[in-house]
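The chain contents come next:
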Number of protein chains: 2
Amino acid sequence: MSSKTVDKALSILDVFTVETPTWGLRELARNLDMNHTIVHRILTTFEDKGYLYCNPETKKYELGIKFIELNNVVEEHLNISTMIQPIMKEIAVKTGESVVLTVLDEEEGVFVKIVESEQKVRFAESVGKRSALYIGASHKIILAHLPEELQNKIIDEGIESQSKQIPSKEKLMERLETIKREGWCFSEGETFDDVAACSVPLFDSKHQILGSLSIAGPKYRFSQQEGEEKLPALLENVEKLNSILSKVNFPSRRNYLTKKFI
Amino acid sequence: MSSKTVDKALSILDVFTVETPTWGLRELARNLDMNHTIVHRILTTFEDKGYLYCNPETKKYELGIKFIELNNVVEEHLNISTMIQPIMKEIAVKTGESVVLTVLDEEEGVFVKIVESEQKVRFAESVGKRSALYIGASHKIILAHLPEELQNKIIDEGIESQSKQIPSKEKLMERLETIKREGWCFSEGETFDDVAACSVPLFDSKHQILGSLSIAGPKYRFSQQEGEEKLPALLENVEKLNSILSKVNFPSRRNYLTKKFI
DNA sequence: CTTCCGTGGTTCGATAATCGAACCACTGAT
DNA sequence: ATCAGTGGTTCGATTATCGAACCACGGAAG
């Protein structure tokens, strides 16, 4: 049982994205196919609580400061800045490239933390970005470790949505098997045109896939060979990270564990 | 008009803090003086949407991955990582200390961004921390620029709550006047025992107080004199920051603008 | 200047979702 | 074996939500 009203309210929050971060009242109501009265009531509730902010000049709504506060609660609870970030930093220093922590959530991958190398190729702004599991090394390495039925389902849905990222199902499935066997994955130009990455899997205490750890850098200085050379730096530290992550029980939705995906 | 159901739901989120990040169902219902049925319904709704995560082993709830995602939307919209952080970094490099961006929200100050110096005195984990405006340089400099009636109200409430931070109302009010006149503020051991800070105010396009920018470091290497020496590095960059901040219209609740505080 | 269409915001009776006492099933301590 | 605690569910009474119709305003077009 779920609350219809709260559910509706949260659906409203969902449309505040990086692409469309501000909304007018009626514009929003139209988009959600809702009566503007109810949208208005929910918006003011969010506003009162600091979850939304209504720009007094434009009268448009945007996400509020509360999310900065609550993000901190999450990061603190996960020991991200005290335990996880230092390990990522170490790898970043050793390899001179940026390090990315990705986790599985529902049937997608989410960038949870990015530690940048000093050589500025900024893509830390992609934290929170969510995308399909067949795109990019960081995501494919996760997909490779999921149950085969779920792989099937995800790839089929990808093909249905006409994703350019899937050449053919057979080839992808084969590729995933190779990735799983070898224990790492390299890709270039998939999530971002100019970026290449090298990824290894992260598991929980029961050795079930949780996410991935990646090194990423600009294509021109990051060939497959260079990726391979940086692999040891990743693998050296990934165990430490695993033991930390298994202790905190990461709050991401891994439906495959409960077979919710069938 | 505000939605009672959504309001209730958001009140539930409020109890997930750094101090108490996980809650059991009945424990939470008791704490909020609510029937556990309704708490349960709301919790599952949040869970379905990724705002809460229910640990399957302990059955305890905690904030979910959604807050990492939405925090990113806010930061992106405010150009925090692309525009603001580089300026803060520049100051951090010049002074060798950490740089803190604080904003006014309702009647409190919130740390929105902390850029750490290389000399590791970690307190970046305090991002999102919220505290009263009479505590610490970063907050006092804001308080000093608020309307006098509001200063009165805030200080009176502080005295009422028996805050140790207020010696006497008269002295504090005098102090605030000095701070406002001089345009900067130094403090040590207020927000954190071992930390000293030096702060300057941030204004919006109409020259109304918005927040503050601070340099902070461990007391042993951060006397008032050393703070003063670092002041120019702050002031040099604060204008750039001001012009950026005035463009984005920061989504923090500055009730003093609308006289809501009376 | 007036009309018109758009915006954000409010009202109030019909309607439908919420509420909550009482109820499982389970676990762990006594 | 009992008991007190937990998370979770049920269902009729209650009450908050819903939404058509309504302002007031503001800018564009005639």
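Residues numbered from 1 in each chain as written. Chains lettered and ligands numbered in written order. Predicted model: local features only at pLDDT ≥ 70, side-chain atom pairs only at ≥ 80, totals over all residues. Heavy atoms only, no water.

1. So, the overall build of chain A
Definition in use: Note on conventions: DSSP H or I runs of at least 4 residues are helices, E runs of at least 2 residues are strands, and numbering of each starts at the N terminus. For a compact globule the rule gives 2.2 Å times the number of residues to the power 0.38, and the radius of gyration it is set against comes from C-alpha atoms. Note on definitions: a residue-residue contact is assigned when non-hydrogen atoms from the two residues lie within 4.5 Å. In this description, accessible areas are obtained by the Shrake-Rupley approach with a 1.4 Å probe, and a residue is regarded as covered only by the protein chains that are shown. For the charge count, each Lys or Arg is scored as positive and each Asp or Glu as negative, with His and the chain ends excluded. In this description, the location of a charge corresponds to atom NZ of lysine, CZ of arginine, CG of aspartate or CD of glutamate.
Counting its regular elements, chain A contains nine helices and nine strands. The C-alpha atoms of chain A give a radius of gyration of 20 Å, which matches the 18 Å a tight globule of 262 residues would have. Structurally, chain A occupies a C-alpha span of about 60 × 40 × 35 Å along its principal axes. In chain A, of all internal contacts separated by at least 6 residues, the share reaching a separation of at least 24 is 56%. Carbon and sulfur atoms provide 49% of the accessible area of chain A, an area that totals close to 11,500 Å². For chain A, the separation between the mean place of its 34 positive charges and that of its 40 negative charges on side chains is 4 Å.

2. Considering the side chain of threonine 102 of chain A
By secondary structure assignment, the location of threonine 102 of chain A is in strand β4 (residues 98-105). Apart from the residues within four sequence positions on either side, threonine 102 of chain A is in contact with Gly109, Val110, Phe111, Val112, Ser138, His139, Ile142, Gly211 and Ser212 of chain A.

3. Some details on the protein's contact with DNA strand D
Let me state the cut-off plainly: In this text, near means that some heavy atom of the residue lies within 4 Å of the molecule or strand in question. A 3.5 Å cut-off defines polar contacts: any pair of N or O atoms within that distance qualifies, except that in protein one atom must be a possible hydrogen donor and the other a possible acceptor, and neighbouring residues in sequence count only when both atoms are side-chain atoms. When residue character is reported, Ala, Val, Leu, Ile, Met, Phe, Trp, Tyr, Cys and Pro are called nonpolar, Asp, Glu, Lys and Arg charged, and the others, Gly included, polar.
Lining the immediate surroundings of DNA strand D are 18 residues, of which Asn35 and Arg41 of chain A together with Leu25, Arg26 and Arg30 of chain B lie closest. Between DNA strand D and the protein, one listed contact pairs a base nitrogen with a side-chain N or O atom of threonine 37 of chain A at 3.0 Å. One nitrogen or oxygen atom from the side chain of histidine 40 of chain B is found 3.5 Å from a sugar or linking oxygen belonging to DNA strand D. In the surface near DNA strand D, the residues fall into three nonpolar, nine polar and six charged.

4. Comments concerning the interface of chain B and chain A
The accessible area lost on association of the parts is a frequent measure of interface size. Note the threshold: Note on definitions: buried area is the accessible-area loss of two parts on being combined, 1.4 Å probe, summed for both. By convention in these notes, a salt bridge is any Lys or Arg side-chain nitrogen within 4 Å of a carboxyl oxygen on Asp or Glu.
On the side of chain A, 61 residues touch chain B, which itself brings 62 residues to the contact. For the pair chain B and chain A, the two sides together bury roughly 6,000 Å², of which 60% comes from carbon and sulfur. Contact with chain A buries surface across chain B, with Lys49, Ile65 and Ile68 of chain B losing the most and accounting together for 11% of the total. Between chain B and chain A we count six salt bridges in total. Note that lysine 66 of chain A and aspartate 14 of chain B form a salt bridge whose closest N and O atoms lie 3.1 Å from each other. Between the two partners, chain B and chain A, sit 22 residue pairs in polar contact (both at pLDDT 80 or more). Breaking the side of chain B that touches chain A down by element, the ones donating at least two residues are α1 (4-14), α3 (36-49), β3 (61-63), α4 (66-77), α5 (80-95), β4 (98-105) and β5 (108-115) of chain B. A breakdown of the residues in the side of chain B that touches chain A according to their chemical character gives 25 nonpolar, 20 polar and 17 charged.

5. What to know about the relation of the copies chain B and chain A
This is how it is decided: Residues below a pLDDT of 70 in either copy are left out; the C-alpha atoms of the rest, at least 70 in both, set the least-squares superposition of the copies.
Of the two same-sequence chains, chain B is brought onto chain A (RMSD 0.0 Å, axial shift 0.0 Å) by a rotation of 180°. The operation mapping one copy onto its partner corresponds to a two-fold rotation axis. A shared binding surface is used by both copies, with 98% of the interface residues of chain B retained as interface residues in chain A.

6. Concerning the protein's contact with DNA strand C
As a matter of local geometry, DNA strand C sits amid 18 residues, with Arg26 and Arg30 of chain A together with Lys8, Asn35 and Arg41 of chain B nearest to it. Among atoms of DNA strand C positioned within 4 Å of the protein, sugar and phosphate together represent 65%. In this structure, a base oxygen belonging to DNA strand C sits 2.9 Å away from a side-chain N or O atom of histidine 36 of chain A. A distance of 3.5 Å is found between a sugar or linking oxygen of DNA strand C and a side-chain nitrogen or oxygen belonging to histidine 40 of chain A. For the surface near DNA strand C, the leading source of residues is α3 of chain B, giving four residues.

7. Remarks on the packing of helix α3 (residues 36-49) of chain A against α1 of chain B
For clarity, the cut-off: Axes here refer to lines fitted to C-alpha atoms; in helices the fit is confined to the stretch in contact. Angles between the N-to-C directions go from 0 to 180 degrees. Angles below 35 degrees are treated as roughly parallel, those above 145 as roughly antiparallel, those between 65 and 115 as roughly perpendicular, and all remaining angles as oblique. Two helices crossing with the near one rotated counterclockwise from the far one by less than a right angle form a left-handed crossing, whereas a clockwise rotation gives a right-handed crossing.
Two elements in contact, α3 of chain A and α1 of chain B, have axes separated by 10 Å at closest approach and are oriented at 30°. Between α3 of chain A and α1 of chain B, the angle is such that the two are roughly parallel. For the pair α3 of chain A and α1 of chain B, the sense of crossing is right-handed. Contact with α3 of chain A, carried on its side by Ile42, Thr45, Phe46 and Lys49 of chain A, involves Val6, Asp7, Leu10, Ser11 and Asp14 of chain B of α1 of chain B and no other residues of that element. Tallied by class, residues from the contact of α3 of chain A with α1 of chain B come to four nonpolar, two polar and three charged.

8. Comments concerning the pattern of salt bridges
Keep this limit in mind: For every residue, the accessible area obtained with a 1.4 Å probe (protein chains only) is divided by the maximum for its type, and the residue is called buried under 20%, exposed over 50%, and partly exposed between those limits.
Applying the stated rule across the entire model yields 36 salt bridges over all chains. As a salt-bridge pair, lysine 240 of chain B and glutamate 90 of chain B come within 3.5 Å of each other at their nearest N and O atoms. Here glutamate 90 of chain B lies in helix α5 and lysine 240 of chain B lies in helix α9 (residues 224-248), a separation of 150 residues in the sequence. For the salt bridge of aspartate 204 of chain B with arginine 254 of chain B, the shortest nitrogen-to-oxygen distance reads 3.0 Å. Of this pair, aspartate 204 of chain B sits in the loop between β8 (195-203) and β9 (209-218) while arginine 254 of chain B sits in the segment after α9, and the two are 50 residues apart along the sequence. You'll find aspartate 204 of chain B and arginine 254 of chain B in the same group, each marked buried. One network of salt bridges, with partners in common, ties together Glu69 of chain A together with Asp105, Glu106, Glu108, Arg130 and Arg253 of chain B.

9. Notes on the sheet that holds β3 of chain B
All names here are of chain B. How we decide: The criterion for strand pairing is that DSSP finds at least two bridges linking the strands in question.
In spatial order, the strands read β1-β3-β2; together these three strands make up an open sheet with antiparallel pairing. Each edge of the open sheet is held by one strand with a lone partner, namely β1 (22-23) and β2 (52-54). Looking at chain direction, β2 and β3 are connected through three bridges and run antiparallel. If you follow leucine 52 over to β3, its bridge partner there is leucine 63.

10. Description of the packing of helix α4 (residues 66-77) of chain A against α4 of chain B
For the pair α4 of chain A and α4 of chain B, interaxial distance at closest approach is 9 Å and the crossing angle is 140°. In terms of orientation, α4 of chain A lies oblique with respect to α4 of chain B. Of the two elements, α4 of chain A crosses α4 of chain B, and the hand of that crossing is left-handed. Between α4 of chain A and α4 of chain B, the contacting residues are Phe67, Ile68, Leu70, Asn71 and Val74 of chain A on the first element and Phe67, Ile68, Leu70, Asn71 and Val74 of chain B on the second. Counted by class, the contact of α4 of chain A with α4 of chain B contains eight nonpolar, two polar and no charged residues.

11. Description of helix α8 (residues 169-182) of chain A
One turn of the α-helix equals 3.6 residues, which is why residues spaced by three or four share an orientation. Residues and elements named next belong to chain A. Our working rule: What a helix should span is 1.5 Å times the count of its residues minus one. Summarising the geometry, the arc corresponds to the directions from the helix axis toward the C-beta atoms.
Its 14 residues place the ends of α8 20 Å apart at the C-alpha level, agreeing with the 20 Å of an ideal helix rising 1.5 Å per residue. For α8, every residue scored as buried is listed here: Leu172, Met173, Leu176 and Ile179. Down the axis of α8, the buried set is contained in an arc of 120°. They therefore lie on one face. Of the exposed residues in α8, the ones pointing more than 90 degrees away from its buried face are Glu170, Lys171, Glu174, Glu177 and Arg181. Here the buried face of α8 lies against α6 (137-144), α7 (148-160) and β7 (185-188). Phi turns positive, to about 85°, at glycine 183, one or two residues after α8.

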